[in-house]
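Listed below, chain by chain, are the residues.
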Amino acid sequence: MARCGGWPSGVVVTGIGECWMRATVDGEVRQFSVRKGDIITLEFAKALEVKLGNAGGVQVSYDGTELPAPGQAGQVKTLVFPPAAN
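Residues numbered from 1 in each chain as written. Predicted model: local features only at pLDDT ≥ 70, side-chain atom pairs only at ≥ 80, totals over all residues. Heavy atoms only, no water.

Before going further, it helps to spend a moment on the side chain of Ser 61. One can find Ser 61 in strand β6 (residues 58-62). On the basis of relative accessibility, which here comes to 17%, the residue Ser 61 falls in the buried class. Every residue in contact with Ser 61, bar those within four places of it in the chain, is listed here: Gly 10, Val 11, Val 12, Glu 66 and Leu 67. (Helix = DSSP H or I, 4+ residues; strand = E, 2+ residues; numbered from the N terminus. Buried < 20%, exposed > 50% of the residue type's maximum accessible area, 1.4 Å probe, protein only. Contact = heavy atoms within 4.5 Å.)

Laid out in structure tokens, this is it:
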């Protein structure tokens, strides 16, 4: 889902377990230790890449829509936003 008028897009990562996460937000790298109950909001204008060290330890939503589980417990996954068009 693209936003109109130059508004930033947003991804919300909610901890349901523990997960190491590296986010590259419009070229700037940030690292997080996500724990159960943590909520991390990442806004971006152009591109976001999120690498999850335990994909089963988080829930992810994009522009207000909850996405399917990014992976299983212990699985390393990289998510790219905006998603490529099919």
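More follows now that the structure is in view.
Turning our eyes to something else, we now look at the nonpolar core. Counting residues in each nonpolar core, the largest one holds 19 residues, and the members touching the most others are Val 11, Met 21, Leu 42, Leu 48, Leu 52 and Phe 81. Going through the elements one at a time, β1 (9-15), β2 (19-25), β4 (39-44), β5 (48-52), β6 and β8 (77-81) are the ones with two or more residues in this core. Residues within four places of Val 11 in sequence aside, it is in contact with Ile 40, Thr 41, Leu 42, Phe 44, Leu 48, Val 60, Ser 61, Tyr 62 and Phe 81. (Core = buried A, V, L, I, M, F, W, Y, C linked by side-chain atoms within 4.5 Å.)

A word on the packing of aromatic side chains. This structure, assessed with the given rule, holds 2 aromatic pairs. Taking the centre distance of 6.4 Å and the plane angle of 15 degrees together, the rings of Phe 44 and Tyr 62 count as stacked. Placement of the pair is Phe 44 in strand β4 and Tyr 62 in strand β6, with a sequence separation of 18 residues. We classify Phe 44 as buried; its relative accessible area is 3%. (Phe/Tyr/Trp six-rings, centres within 6.5 Å; stacked < 30°, edge-to-face > 60°.)

Right, let's get into the pairing of β4. The alternating pattern of β4 places Ile 40, Leu 42 and Phe 44 on a buried face and Ile 39, Thr 41 and Glu 43 on a face that is not buried. For β1 and β4, the ladder comprises 6 bridges, and the chain directions are antiparallel. Within the sheet, the bridge partner assigned to Val 13 lies in β4 and is Ile 40. (Pairing = 2+ DSSP bridges.)

Moving on, we get to the sheet that holds β5. Ordered by their spatial adjacency, 4 strands build an open sheet running β3-β2-β5-β8, and the pairing between neighbours is antiparallel. The strands lining the two open edges of the sheet, one partner per strand, are β3 (28-34) and β8. Shown here is a sheet whose adjacent strand axes are inclined to one another by a mean of 15 degrees, direction ignored. (Axes fitted to C-alpha atoms, helices over the stretch in contact; angles between N-to-C directions.)

Just distances and angles here, no functional claims.
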